[in-house]
Number of protein chains: 2
Amino acid sequence: MSDASLWSALADPHRRAIVALLLERPRPVGEIVEACGLSQPSTSKHLKVLREAGLVRVRQDAQRRVYALDPAPIAELDAWLAPYRELWNRSLDALGRRLDETPDDTSHAPEEPTMKD
Amino acid sequence: MSDASLWSALADPHRRAIVALLLERPRPVGEIVEACGLSQPSTSKHLKVLREAGLVRVRQDAQRRVYALDPAPIAELDAWLAPYRELWNRSLDALGRRLDETPDDTSHAPEEPTMKD
DNA sequence: TGGTTATATTCCTGTCAAGGAATACAGATC
DNA sequence: GATCTGTATTCCTTGACAGGAATATAACCA
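Cut-offs used in this document
- The numbers attached to residues start from 1 for each chain and follow its sequence in the written order.
- Key to labels: chains lettered from A, ligands numbered from 1, both in the order written.
- Local features in a predicted model are, by the rule used here, given only for residues with pLDDT of at least 70; side-chain atom pairs are given and counted only at 80 or more, and totals for whole chains, interfaces and linings are based on all residues.
- Computation of side-chain values covers all heavy atoms of the structure but excludes hydrogens and water.
- Here a pair means two rings of Phe, Tyr or Trp (six-membered ring of Trp) with centres within 6.5 Å. Their orientation is stacked below 30 degrees between planes, edge-to-face above 60, and tilted elsewhere.
- To qualify as a helix, a DSSP run of H or I must reach at least 4 residues; to qualify as a strand, a run of E must reach at least 2; elements of each kind are numbered from the N terminus.
- Using a 1.4 Å probe on the protein chains alone, a residue whose accessible area is under 20% of its type maximum counts as buried, one over 50% counts as exposed, and one in between counts as partly exposed.
- The near set for a molecule or strand comprises every residue that places at least one heavy atom within 4 Å of it.
- Polar contacts here mean pairs of N or O atoms no more than 3.5 Å apart (in protein, one a potential hydrogen donor and the other a potential acceptor; neighbouring residues in sequence count only if both atoms are side-chain atoms).
- Throughout this entry, Asp, Glu, Lys and Arg are counted as charged residues, while Ala, Val, Leu, Ile, Met, Phe, Trp, Tyr, Cys and Pro are counted as nonpolar. The remaining residues, Gly among them, count as polar.
- Per residue, pLDDT measures the predictor's confidence, with a range of 0 to 100.
- Contacts between residues were defined by any pair of non-hydrogen atoms, one from each residue, lying within 4.5 Å.
- When the copies are superposed, the least-squares fit draws on C-alpha atoms of residues that have pLDDT of at least 70 in both.
- Buried area is calculated as the accessible area (1.4 Å probe) missing from two parts once they are joined, with the contributions of both summed.
- A side-chain nitrogen of Lys or Arg and a carboxyl oxygen of Asp or Glu constitute a salt bridge if their distance falls within 4 Å.
- Working definition of a nonpolar core: buried Ala, Val, Leu, Ile, Met, Phe, Trp, Tyr and Cys residues. They are joined through side-chain atoms within 4.5 Å.
- Only strands that DSSP links by at least two bridges are regarded as paired with each other.

Draft legend 1. Quick look at the packing of aromatic side chains. Counted according to the given criterion, the structure contains five aromatic pairs over all chains. Ring centres of Trp 7 of chain A and Trp 7 of chain B lie 5.9 Å apart, and the angle between their planes is 50 degrees; on these two criteria the pair is classed as tilted. Placement of the pair is Trp 7 of chain A in helix H1 (residues 2–11) and Trp 7 of chain B in helix H1 (residues 2–11), with the two residues belonging to separate chains. For Trp 7 of chain B, a relative accessible area of 1% gives the class buried. Within the aromatic cluster, the residues linked to one another by ring pairs are Trp 7, Trp 80 and Tyr 84 of chain A together with Trp 7, Trp 80 and Tyr 84 of chain B.

Here it is in structure tokens:
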């Protein structure tokens, strides 16, 4: 469910920048506005998207709202990534010749040739 | 900046489905069309996006074009993820237990090729 | 209460991406 | 060359999203 919003939330470079800022430490909106060079409304809208994706959470501090990273969805991403990481490790193994078309890498791929049509 | 195109390429659920299909094995376009339930032109357009993001590569086989996953950009994603994974581990440590949510038993499988988000 | 600060929301507009239909293109076979 | 298959591309329409300006809301303070 949150998967779709998670990916699309992180698809925006500004939002990734915000997430990177929050990786260092939690920050109030004003600080994010200043650091990103976005307008305050725009920043608030991005923060809303990140909130709805579960990537950040808010703590109210007087009039300020301090945003902090919530790493749980990141773990989701990580889990999604896992099978691909394996493939990547295998292909690192089989490295040596990776020009754009090398049909002989099937000797290292465990399950390629079942391509009957 | 293949980074931007990488994220936006994966932001689309159909394209993630295609990528998941190609994780199993390389496939010609027709097979992807059938598996995803998209039209052929739409599928070709998605494949173009994935190609331009470096996520897939093509091998020509007679009239068919066989697409295969290229795991290198995935490694880029993984690198981006690394600092957050650290944060996640730290918070796991400090947390102990905050699992009132559904346990993510599907967390090790990539998305089903059937588009569900 | 009124004013000030900090943030969120609404309205509007331009841009961009997705999907469908039709078409173009490439390779194979005859 | 004619034609068939498989795939890519173009054109068009529609919907989603980003950003700016103005405004609303909430918390604090005098």
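From this point, the discussion proceeds with the structure in view.
Draft legend 2. The arrangement of the protein's contact with DNA strand C in detail. If you check the shell around DNA strand C, you find 22 residues, and the closest are Gln 40, Ser 44 and Tyr 67 of chain A together with Lys 45 and His 46 of chain B. One of the backbone nitrogen or oxygen atoms of Gly 30 of chain A is found 3.0 Å away from a phosphate oxygen of DNA strand C. In the environment of DNA strand C, a base oxygen lies 2.6 Å from a nitrogen or oxygen atom belonging to the side chain of Lys 45 of chain B. Breaking the surface near DNA strand C down by element, the ones donating at least two residues are helix H3 (29–36), helix H4 (40–52) and strand E3 (64–69) of chain A together with helix H2 (13–24) and helix H4 (40–52) of chain B. A per-class count over the surface near DNA strand C returns six nonpolar, ten polar and six charged.

Draft legend 3. Inspection of the confidence of the model for chain A at higher detail. All names here are of chain A. Across chain A, pLDDT averages 82, with 78% of residues at or above 70. Note that residues 97–101 has pLDDT below 50 and, in this model, five contacts with residues that lie over four places away or in other chains. Of the regions scoring below 50 in pLDDT, residues 104–117 engages in 18 contacts with residues more than four places distant in sequence or in other chains.

Draft legend 4. Main features of the relation of the copies chain B and chain A. After a rotation of 180 degrees and a shift along the axis of 0.0 Å, chain B superposes on chain A with an RMSD of 0.1 Å. What we have between these two chains is a two-fold relation. Proximity to the rotation axis, assessed at the C-alpha, singles out Ala 11 of chain B in chain B; its C-alpha lies 3.0 Å from the axis.

Draft legend 5. Inspection of the interface of chain B and chain A at higher detail. Facing the 42 residues of chain B at the interface are 35 residues of chain A. Between chain B and chain A lies a buried interface of about 3500 Å² when both sides are counted; carbon and sulfur atoms form 69% of it. On the surface where chain B and chain A come into contact, there are two salt bridges. Inspection of the region where chain B meets chain A yields four residue pairs in polar contact (both at pLDDT 80 or more). Where the side of chain B that touches chain A is concerned, the elements lending two or more residues are H1, H2, strand E1 (27–28), strand E2 (56–61), strand E3 (64–69) and helix H5 (72–95) of chain B. Considering each element in turn, the side of chain B that touches chain A owes the most residues, 13 residues, to H5 of chain B. When the residues that make up the side of chain B that touches chain A are grouped by side-chain class, the tally is 23 nonpolar, four polar and 15 charged.

Draft legend 6. View of the nonpolar core. Of all hydrophobic cores here, the largest spans 53 residues; its most connected members are Leu 55 of chain A together with Leu 55 of chain B. When sequence neighbours within four positions are dropped, the list of residues in contact with Leu 55 of chain A reads Leu 6, Ala 9, Leu 10, Leu 50, Ala 68, Leu 69, Asp 70, Pro 73 and Ile 74 of chain A.

Draft legend 7. Geometry of the pairing of E2 of chain B. Residues and elements named next belong to chain B. The pairing of E2 with E3 spans six bridges and is antiparallel. Note on E3: the bridge partner recorded for Val 58 is Tyr 67. In this antiparallel pair of consecutive strands, E2 and E3, the connection spans two residues, and Ala 62 shows a positive phi of 60 degrees.

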